[in-house]
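Residue-level structure breakdown
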Amino acid sequence: HLLVEHPRQAAGPSEKSAGYPVVLHTLWGGRVNRPYSLALTAAWQERFGERPVLQQDDDAILLVSSEPRAASDILGLVRPENLERLLRRRLESSGFFGARFRENAARALLLPRSSARRRTPLWLTRQRAKALLHAVSRYDDFPLLLETWRTCLRDEFDMEGLAKLLGELADGTIRVTEVETRAASP
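1. Details of the nonpolar core
Core analysis: the largest hydrophobic core is formed by 44 residues, its most contacted members being Leu24, Tyr36, Val78, Leu91 and Phe157. The greatest single-element share of this core, amounting to eight residues, is contributed by helix α2 (residues 30-48). Sequence-distant contacts of Tyr36, that is, excluding residues within four places in its chain, are made with Leu24, Trp28, Ile61, Leu75, Val78, Leu162 and Leu166.

2. Structural notes on the pattern of salt bridges
In a structure, side chains of opposite charge can pair up when their charged atoms sit close to one another. Summed over the entire model, instances satisfying the criterion amount to 11 salt bridges. With its nearest N and O atoms 3.3 Å apart, the salt bridge here joins Arg89 to Glu46. Taken together, the residues Arg89 in helix α4 (residues 83-91) and Glu46 in helix α2 connect sequence positions 43 residues apart. Among the residues examined, Arg89 registers a relative accessible area of 44% and is labelled partly exposed. Its relative accessible area of 41% is what places Glu46 among the partly exposed residues.

3. Considerations on α4
Of all the residues in α4, the buried ones are Leu83, Leu86, Leu87, Arg90 and Leu91. Buried residues of α4, seen end-on, are gathered within an arc of 120° and therefore sit on one face of the element. Residues of α4 that are buried sit in contact with α2, α5 (95-107), α7 (143-156) and α8 (159-171).

4. Things to note about the packing of aromatic side chains
Within the structure shown, the criterion is met by four aromatic pairs. Stacked on the ring of Phe48, the Lys or Arg Arg69 has its end atom at 3.7 Å from the ring centre. Directly above the aromatic system of Phe96 lies the positively charged group of Arg100, at a separation of 4.1 Å from the ring centroid.

5. Section: the side chain of Thr26
Within the fold, Thr26 resides in the loop between β2 (20-25) and α2. The exposure class of Thr26 is buried, given its relative accessible area of 4%. Among the polar contacts listed, one links the side chain of Thr26 to the side chain of Asn33, at a separation of 2.8 Å. The residues touching Thr26, leaving out its near neighbours within four places in the chain, are Leu2, Asn33, Asp59 and Ala60.

What counts, and where the lines are drawn
- Residues numbered from 1 in each chain as written.
- Predicted model: local features only at pLDDT ≥ 70, side-chain atom pairs only at ≥ 80, totals over all residues.
- Heavy atoms only, no water.
- Core = buried A, V, L, I, M, F, W, Y, C linked by side-chain atoms within 4.5 Å.
- Buried < 20%, exposed > 50% of the residue type's maximum accessible area, 1.4 Å probe, protein only.
- Helix = DSSP H or I, 4+ residues; strand = E, 2+ residues; numbered from the N terminus.
- Contact = heavy atoms within 4.5 Å.
- Salt bridge = Lys/Arg side-chain N within 4 Å of Asp/Glu carboxyl O.
- Arc of directions from axis to C-beta.
- Phe/Tyr/Trp six-rings, centres within 6.5 Å; stacked < 30°, edge-to-face > 60°.
- Lys NZ or Arg CZ within 6 Å of the ring centre and 35° of its normal.
- Polar contact = N/O pair within 3.5 Å; in protein donor to acceptor, adjacent residues only side chain to side chain.

This is the structure we're talking about:
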């Protein structure tokens, strides 16, 4: 069962300009919700031409869009057959991918350190990793890129579980209930 909640907005102009929130109470866990939200962001951009605000945790995905959308419009965007394409499109530009790339680059000793006695500041490590990612991103078979993709898609995400859940959503095995509430549920 998947509960899709539409909390009502207050009538004030500041709340209205903030957008229309939708909460997908998935309870699927972070290894499924994170890739789903990344793929959902890419699909949303393709379909509606805007990037929604998305936040996820182990229990839910919060989506805020500029216009109200029905659950069927949202849940129909990502299917098992387009999941990996959408995820790859969005993942490489995410901070999640950048952090995994930085970890892999440090492990491979491709990020220079100032000395063995002093730590390199995090901002400098991030800057160097970003420059390295930019330099190697045109090579699809660069070993560090391949390792980062493998880390994300195999170690960090449950892609098989997500594809199975998306298939169950599409064929109706997972029941979807859509509700409108005064305020977002805790």
